[in-house]
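So the chains spell out like this:
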Amino acid sequence: MVPTPKKENTTTLNLIFMISLVYVLYVLKPVVVPIIIAIILSVSGFPFVQFLERKLRINCIVSAIVAIVILSLIIFALLLFIGFQLSDILEKGDFYAEKLSNVYNTIATKLESFLGIEKNELSLKKVNIGATIKDNFVGIIDFLTSSGSFFSDIILIPLYIFFFLIYRKFFTSFIYRAFSKDGNTLKAKTILNKLYNVQQNYLVGLFMVMGIVGVLNSIGLLILGIDNAIFFGFLAALLLLIPYIGIIIGSLLPAVVALATKDSLWYPVGVIVIFAFIQFIEGNFITPKITGSKVSINAFVAILSIILFSMLWGIAGMIVALPVIASLKVVFDSIPELKPYGFLIGEPLDEYLRSEARIRLKKWKMIRKEKRIKN
């Protein structure tokens, strides 16, 4: 009698489950994404709500409302500041267009003289960049105002945050009942605490890193004398919400402004160099010191997750990719069957990055040391 290939059946079922899950998440994007964002913001606002409840003896409902109002005012003030700055930049659109046209003509003339390329081969149709930006900006506003999901998210996300905050004990009890075996809630409590610590550490660390990077960016742009230096500096820091890609977008905007407003090409090059140096400092010193080892995701998985989540949920997916992957790592590390996947997501140890020759050299040195001790 031929044995049933249980392992193959299990692999097939897991593959079907994963494909079905991705499809469901894609279809339910209008529901799932606001809930994930609300959970992340609830975790970030929970310490403040807890402070109001325990220290000031304020009712949990009132505390949740106060936290949501303050968070909404901060976001509204941020959007208002960005709107005013964008309005100022759009007013200078025609000036930037003329300057960029002059820069293009200068570069085309130099290429013609050095490389022998005809200028008419490099010529571009005359484009009013200022008008184009304004038209696109108006189109974006029209799209947002005509989008029902945009306004529904504005209403639903604060509503979700409110219920997550006031029903947190209820949801916690549900998780204990659903995922605890034989009434043993210790493992579920441990996983929940790790998830909370990872999210809180990531969010608080991200805000601190954004503040530090914004100040450094602004100082660098002010030294170069770039227009709207503080706005561009903190805009690039805000774009850290989109890891790896956001800082690139944030550096290109002031570089274009430098190209349009300065007489030397060294200014946009200087902007790129400054932002690249700050990104190096942020990635190797600032973020590791602030976030520590609690959010341990290797760079390959981080970039891959950003790409996949962007394909699944667009820009919102890029923003929530790392918090979701960090949470999955905690879950995988806590389940014996899934530990290999948690290992794959995490940072590789130094021993896995060493070459075979270095490993053999280290073993040879250890053997020599042991021989000396014996002798």
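Remember, predicted model here, so these are calculated numbers, not experimental data.

Caption draft 1: Region of the structure containing the overall build of the chain. The secondary structure content of the chain amounts to 17 helices and 0 strands. When burial is assessed residue by residue, the chain has 30% of its 375 residues classed as buried. Once local pairs closer than 6 in sequence are excluded, the contacts in the chain between residues at least 24 apart make up 65%.

Caption draft 2: Layout of the side chain of S251. If you trace the backbone, S251 turns up in helix α11 (residues 245-261). A polar contact of 2.8 Å, which involves the side chain of S251, links it to the backbone oxygen of I248. With residues near it in sequence (within four places) discarded, S251 still touches V271, I272 and F275.

Caption draft 3: Here's a closer look at the environment of I247. One can find I247 in helix α11. Classification of I247 as buried rests on a relative accessible area of 8%. For the pair I247 and A236, spaced 11 residues apart in the sequence, the C-alpha separation amounts to 5.6 Å.

Caption draft 4: A look at helix α2 (residues 29-54). Over its 26 residues, α2 extends 36 Å from the first C-alpha to the last, a length consistent with the 38 Å expected when each residue adds 1.5 Å. The largest bend along α2 measures about 45° and falls at G45, with the proline P47 one to four residues further on.

Caption draft 5: Expanded view of the pattern of salt bridges. A complete count under the given rule lists 2 salt bridges for this structure. A salt bridge links R168 to E53; the shortest N-O distance between them is 2.5 Å. Taken together, the residues span a long stretch of sequence, with R168 in helix α8 (residues 168-179) and E53 in helix α2 at a distance of 115 residues. Judged by its relative accessible area of 17%, E53 is buried. Residue D333 pairs with K329 through a salt bridge whose shortest N-O separation is 2.7 Å. Of the two residues, D333 and K329 both sit in helix α14 (residues 315-334), 4 residues apart, roughly one turn of that helix. Judged by its relative accessible area of 15%, K329 falls in the buried class.

Caption draft 6: View of the packing of helix α9 (residues 186-224) against α14. α14 packs onto α9 with a crossing angle of 155° between their chain directions and a minimal axis gap of 10 Å. Taken together, the axes of α9 and α14 lie roughly antiparallel to each other. For α9 against α14, the interelement crossing comes out right-handed. Only L322, P323, A326, S327, V330, V331 and S334 of α14 make contact with α9, whose side of the interface consists of K187, I191, K194, L195, V198, Q199 and Y202. In terms of residue class, the contact of α9 with α14 is made up of 9 nonpolar, 3 polar and 2 charged.

Caption draft 7: Focus on the packing of aromatic side chains. Summed over the entire model, instances satisfying the criterion amount to 11 aromatic pairs. Look at F309 and W313: their rings are 5.8 Å apart centre to centre, the planes differ by 70°, and that puts the pair in the edge-to-face class. You can see F309 and its partner W313 sitting in helix α13 (residues 299-313), 4 residues apart, about one turn around the helix. Taken as a pair, F309 and W313 share a single burial class, namely buried. Among the aromatic residues, those joined into a ring-pair cluster are F162, F163, F164, Y167, F170 and F171. Between K262 and the ring centre of Y267, over which it is positioned, the NZ or CZ distance is 5.2 Å.

What counts and how
- Residues numbered from 1 in each chain as written.
- Predicted model: local features only at pLDDT ≥ 70, side-chain atom pairs only at ≥ 80, totals over all residues.
- Heavy atoms only, no water.
- Helix = DSSP H or I, 4+ residues; strand = E, 2+ residues; numbered from the N terminus.
- Buried < 20%, exposed > 50% of the residue type's maximum accessible area, 1.4 Å probe, protein only.
- Contact = heavy atoms within 4.5 Å.
- Polar contact = N/O pair within 3.5 Å; in protein donor to acceptor, adjacent residues only side chain to side chain.
- Expected span 1.5 Å × (residues − 1).
- Bend = angle between axes of the 7 residues up to and from the residue.
- Salt bridge = Lys/Arg side-chain N within 4 Å of Asp/Glu carboxyl O.
- Axes fitted to C-alpha atoms, helices over the stretch in contact; angles between N-to-C directions.
- Parallel < 35°, antiparallel > 145°, perpendicular 65-115°, else oblique.
- Left-handed = near helix turned anticlockwise from the far one by under 90°.
- Nonpolar A, V, L, I, M, F, W, Y, C, P; charged D, E, K, R; others polar.
- Phe/Tyr/Trp six-rings, centres within 6.5 Å; stacked < 30°, edge-to-face > 60°.
- Lys NZ or Arg CZ within 6 Å of the ring centre and 35° of its normal.

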